[in-house]
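Notes for the structure review
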Amino acid sequence: MPEYEFVDVYVPRGVSRKETARLLTDHAEYGHWELYRLSLLRDGSRRVRLRRRIIRQARATW
């Protein structure tokens, strides 16, 4: 079963959709995050939850 870490990003209502897409693209490209959930709140702001897989390396034995 893969393990994930999560980060929550809050985007205020004054931020355009294009700017939000650019912000999330930067997170995905440079931080290896993927979109997990996006919620549009009643006041027009967005709450975004991103996730990325935790890769555990096995300890080398000599």
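Residues numbered from 1 in each chain as written. Predicted model: local features only at pLDDT ≥ 70, side-chain atom pairs only at ≥ 80, totals over all residues. Heavy atoms only, no water.

1. Some remarks on the sheet that holds strand 3 (residues 46-54)
The three strands lie next to each other as 1-3-2, forming an open sheet whose pairing is antiparallel. Looking at strand neighbours, the two that pair on one side only are strand 1 (3-11) and strand 2 (34-40), the edges of this open sheet. Pairwise comparison of adjacent strand axes, ignoring direction, gives a mean angle of 20° for this sheet. Here strand 1 pairs with strand 3 via nine bridges, running antiparallel. Paired with D8 across the strands is R49, a residue of strand 3. Helix 1 (residues 17-31) contacts strand 1, strand 2 and strand 3 of the sheet and is inclined by roughly 15° relative to strand 3. (Pairing = 2+ DSSP bridges. Helix = DSSP H or I, 4+ residues; strand = E, 2+ residues; numbered from the N terminus. Axes fitted to C-alpha atoms, helices over the stretch in contact; angles between N-to-C directions. Contact = heavy atoms within 4.5 Å.)

2. What to know about the nonpolar core
Counting residues in hydrophobic clusters, the biggest one holds six residues: V9, V11, L24, W33, V48 and L50. Taken together, the elements giving at least two residues each to this core come down to strand 1 and strand 3. With residues near it in sequence (within four places) discarded, L50 still touches E5, F6, V7, V9, L24, H27, W33, E34, L35 and Y36. (Core = buried A, V, L, I, M, F, W, Y, C linked by side-chain atoms within 4.5 Å. Buried < 20%, exposed > 50% of the residue type's maximum accessible area, 1.4 Å probe, protein only.)

3. Quick look at the pairing of strand 2
Sheet analysis places strand 2 next to strand 3, joined by six bridges and oriented antiparallel. Each bridged residue has a counterpart across the sheet, and for L35 the counterpart in strand 3 is L50.

4. Considering the environment of E5
Mapped onto the secondary structure, E5 falls in strand 1. You can call E5 partly exposed: its relative accessible area is 33%. Discounting residues that sit within four places of it in the chain, E5 has contacts with W33, L50, R51, R52 and I54. Only 2.9 Å separates the side chain of E5 from the side chain of R52, close enough to count as a polar contact. (Polar contact = N/O pair within 3.5 Å; in protein donor to acceptor, adjacent residues only side chain to side chain.)

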